[in-house]
Amino acid sequence: MGRIRLLSETVASQVAAGEVVERPASVVKELVENSLDAGARNINIAIRRGGISLVRVIDDGCGMSRDDALLSLERHATSKIRSAADLQAIATLGFRGEALPSIASVSRFRVSTREAGAIAGTEIIVNGGKIDVVRDGGEAPGTQVEVRSLFYNLPARRKFLRSENTESRNIEHQIHLQAIGHPDIGFSLTRDERILFQLPPTATLGDRIRDLYGVELLQRLVEVTGAASPKIQISGFIGQAGLSRQSRSQQLVFVNGRAIESNLITGGVREGYHTALMKGQYAVTFLFVEIDPAAVDVNVHPAKREVRFRDPNNVREAVVRCIQQTLEHARANWQEKFTAPIRPEPLAADSVKTISDLTLRSEVTATEATHRELPHLGTVAGVADPGRMQRSDIVGQAHRLPATPTDSATDAVALQREALKAAQQQFEIIGVLSKLYVLMENSNGLVLVDQHAAHERVLFEELRRRMEQQGVPSQKLLLPQTFDVPPRDADWIEQNLSVLQKMGIGIESFGPDTFKIDSLPSFLDVSDAAQFMRKVIDDLKSTTNNASAMRLGEEMIAKTVCRHAVKANDPLRYLEVEKLIRDLLDCDLPYCCPHGRPTMIQISLAELEKKFGRKI
Ligand SMILES: Nc1ncnc2c1ncn2[C@@H]1O[C@H](COP(=O)(O)OP(=O)(O)OP(=O)(O)O)[C@@H](O)[C@H]1O
Ligand SMILES: [Mg+2]
């Protein structure tokens, strides 16, 4: 007798179920997707014991006739596609006709369904893949599916389940995905008889995010702007620069309404944020990519969690561009708000007087002459001629603030000037805390600036501008160095010589696979030029697209500016602080340093009022 036998229908289903139904959250996903495909407006989900003992999904969708209900439990029975050609452009969430039979083969399963106009509905009970009962059912129009005792007939599978809490959290995450993906549909989740959330149908994604995650998060998001390309539309919300998470749990990505995991897209997101995201942290995204269904293959992953794009580079670039544009746009808005005049009305003279009593505040009244004498913060000058960029240039000699004019006549004049200035001024510096944090007032309340992070950002953008415009200033090496590279790297260097030179690297060919370096960017502190070059080549080659050659230069700068930036405990004088703040506000991305740490924190008046119990 031969050794090969056909598996029974039940065993075959269980094998197939292994791919589709990994854990209770997969059951929830499949059932909710079916409800969405059925045009439901409201979907109510209940789970017990992490979904292991019960998952119930009730929808008000189109329901099924008795024949269809019976067919839906057969493998490869679907209403969503008819031919292989339909597979080319799938517009529904389901398409394989596998979910229901798979789930029914590994659980105690009950479906009760009724079409809108029908007199009676149908109830079907299936145990471990065998239909036990088919009878009339009397529920409201729509479909109810109950899945009990998941994996009761597959003990091996059951052992792999995690704790009830973990499984519940997975389910919650799954429903969050669906709820964010479909704000116009109402969702509720009950866990062990306790209602976890009830989300009414909402008009906008913003409303849904607020209902699910709270208004605090929504306020820290920016709406995606700018058409990505005619073929790829991107919309949704992303976190402001500086907002990040330690995991990907709030990095939600949808392609044509389907929640997916995509390294391609999250890679694009990271590149779009670039220095606005801390290393090792993840951006918060609610990103919706709309693309011609024919340009994406959704039939590549058993749980439909991944997709394949016909033109991945195009998608990635669209995402990068979209994130960059959105952050730029957000910055412009933010800057406008940040620098709104503090007091629209000119101040009365006596109110100025009381303010001027505060320590430090009087420094604002320094005369013009004093202003001129003070050395400016050495950012730009220092970079223009890096040889000169010494600590004393940057930080000045002492923390002594300019002397306050004492005689009363000067005082009065100065106060008047101060009143005028205050009327126009958009923010005011109150002082420096702990030699590191600049305290400021703007129309919104209190602002704390980390002077070190701020200086890093200013230096970084200055250097980057130079690199873009005229190339990075470079410094001759004492001894030119030659080094060999493998032929492929040599090719690469030949092709990129001009980029490298623009980055301040004086490099030229010196034989077949040999190069000579005679200068390096002057802001770099490199002891072994050849080793440095090998690293540059490795890094540059690994950047995914060639257009990011600039990116490497940026990395280089980001790593080095830190050394030159004002350190914590470096005392700055008032004018230096003021210049630093103005320079910071002029930056492309003022609110975080090149490593993604925040440069400033705003504490609004409303927050202060709340803290002091003036308002609840
Ligand atoms: N909640 C529901 N309301 C109405 N019809 C449903 C519902 N759930 C399932 N169906 C019907 O049953 C069929 C089979 O469902 P099933 O989930 O097994 O397959 P599918 O959704 O077509 O594909 P996939 O396996 O990719 O999910 C569906 O095509 C649909 O016609
Ligand atoms: Mg389905």
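Residues numbered from 1 in each chain as written. Chains lettered and ligands numbered in written order. Predicted model: local features only at pLDDT ≥ 70, side-chain atom pairs only at ≥ 80, totals over all residues. Heavy atoms only, no water.

A. Broad picture of the side chain of Gln178. Structurally, the position occupied by Gln178 is in helix α6 (residues 164-181). Dropping the residues within four chain positions of it, Gln178 is found in contact with Lys29, Val32, Glu33, Leu36 and Phe187. (Helix = DSSP H or I, 4+ residues; strand = E, 2+ residues; numbered from the N terminus. Contact = heavy atoms within 4.5 Å.)

B. Spatial organisation of the sheet that holds strand β10 (residues 232-239). Spatially, β9-β10-β13-β11-β12 is the arrangement adopted by the five strands of the open sheet, whose pairing is mixed. On the outer flanks of this sheet lie β9 (221-223) and β12 (258-259), each paired with one strand and no other. For β9 and β10, the ladder comprises three bridges, and the chain directions are antiparallel. Opposite Leu221, over in β10, you have Gly239 as the bridge partner. The strands touched by helix α10 (residues 312-338) are β9, β10 and β13 (285-291); relative to β10, the strand with the most contacts, the crossing angle is about 45°. (Pairing = 2+ DSSP bridges. Axes fitted to C-alpha atoms, helices over the stretch in contact; angles between N-to-C directions.)

C. Region of interest: the site of ligand 1. For ligand 1, the set of nearby residues contains 21 residues, the closest of which are Asn34, Thr78, Ser79, Lys80 and Lys304. The side chain of Ser79 places a nitrogen or oxygen atom 2.5 Å from an oxygen atom of ligand 1. The backbone of Ala99 places a nitrogen or oxygen atom 3.0 Å from an oxygen atom of ligand 1. When the free accessible area of ligand 1 is taken as 590 Å², the share hidden by the protein chains comes to 94%. (Near = heavy atom within 4 Å. Polar contact = N/O pair within 3.5 Å; in protein donor to acceptor, adjacent residues only side chain to side chain. Areas by Shrake-Rupley, 256 points an atom, 1.4 Å probe, with all protein chains shown as cover.)

D. Seen up close, the layout of surface pockets. Reported here for the largest pocket is a volume of approximately 1200 Å³. The wall of the largest pocket is formed by 30 residues, among which Gln219, Arg220, Gln240, Asn444 and Gln602 lie closest to the centre. Elements with a contribution of two residues or more to the lining of the largest pocket: α8 (215-219), β9, α10, β22 (600-604) and α22 (605-611). Class assignment of the residues belonging to the lining of the largest pocket gives a composition of 15 nonpolar, nine polar and six charged. (1 Å grid on protein atoms, 1.4 Å probe; cavity = no way out; pocket = protein on both sides within 12 Å on 5 of 7 lines; lining within 4 Å. Points joined across faces, edges and corners; volume = space filled by probe spheres on them. Nonpolar A, V, L, I, M, F, W, Y, C, P; charged D, E, K, R; others polar.)

E. Highlighting unusual backbone geometry. The phi torsion at Ser149 lies on the positive side, around 45°, for a residue other than glycine. With respect to the secondary-structure elements, Ser149 resides in the loop between β6 (142-148) and α5 (155-159). A residue is classified by how much of its surface remains accessible, and Ser149, at 23% relative accessible area, is partly exposed. Even without glycine at this site, Ser434 takes up a positive phi of about 55°. Given a relative accessible area of 54%, Ser434 falls into the exposed group. (Buried < 20%, exposed > 50% of the residue type's maximum accessible area, 1.4 Å probe, protein only.)

F. Here's a closer look at the sheet that holds strand β21 (residues 514-521). Ordered by their spatial adjacency, three strands build an open sheet running β19-β21-β20, and the pairing between neighbours is antiparallel. Of all strands in the sheet, those with a lone pairing partner are β19 (474-484) and β20 (506-509), marking the two edges. Across the sheet, the mean angle separating the axes of adjacent strands is 15° when strand polarity is ignored.

G. Spotlight on helix α16 (residues 451-469). The terminal C-alpha atoms of α16, which comprises 19 residues, lie 27 Å apart, in line with the 27 Å expected from a rise of 1.5 Å per residue. The element α16 is extensively covered by neighbouring structure, given that 16 of its 19 residues are classed as buried. The N-cap residue of α16 is Asp450: its side-chain oxygen and the backbone nitrogen of His452 are 3.0 Å apart. (Expected span 1.5 Å × (residues − 1).)

H. Highlighting the nonpolar core. Among the nonpolar cores identified, the biggest contains 55 residues, and Phe109 and Phe187 are the most heavily contacted of them. At six residues, the largest contribution of residues to this core is made by helix α2 (residues 24-37). Setting aside anything within four residues of it in sequence, one finds Phe187 in contact with Val32, Leu36, Ile43, Ile45, Ile175, Gln178, Ala179, His182, Phe197, Gln198, Leu199 and Arg208. Counting 36 residues, the second largest nonpolar core, distinct from the first, contains Phe95, Ile265, Val298 and Val319. (Core = buried A, V, L, I, M, F, W, Y, C linked by side-chain atoms within 4.5 Å.)

I. Representation of the pairing of strand β8 (residues 194-199) within the structure. In the sheet, strand β7 (residues 186-191) pairs with β8 via five bridges, with the strands oriented antiparallel. When the sheet's bridge partners are listed, Thr190 is paired in β8 with Ile195.

J. View of the confidence of the model for the chain. For the chain, per-residue confidence averages 81 on the pLDDT scale, and residues scoring 70 or more make up 81% of the total. Considering only residues more than four positions removed or in separate chains, one finds that residues 344-409, a stretch of pLDDT under 50, has 100 contacts. (pLDDT = per-residue confidence, 0-100.)

K. Here's a closer look at α2. Taking 1.5 Å per residue as the helical rise, α2 with its 14 residues ought to reach 20 Å, and the 20 Å between its terminal C-alpha atoms agrees with that figure. For α2, the tally of buried residues reaches twelve of 14 residues, placing the bulk of the element in the interior. Within α2, burial applies to Pro24, Ala25, Ser26, Val27, Val28, Lys29, Glu30, Leu31, Val32, Glu33, Ser35 and Leu36. Once α2 ends, the next one or two residues include Gly39, with phi positive near 80°.

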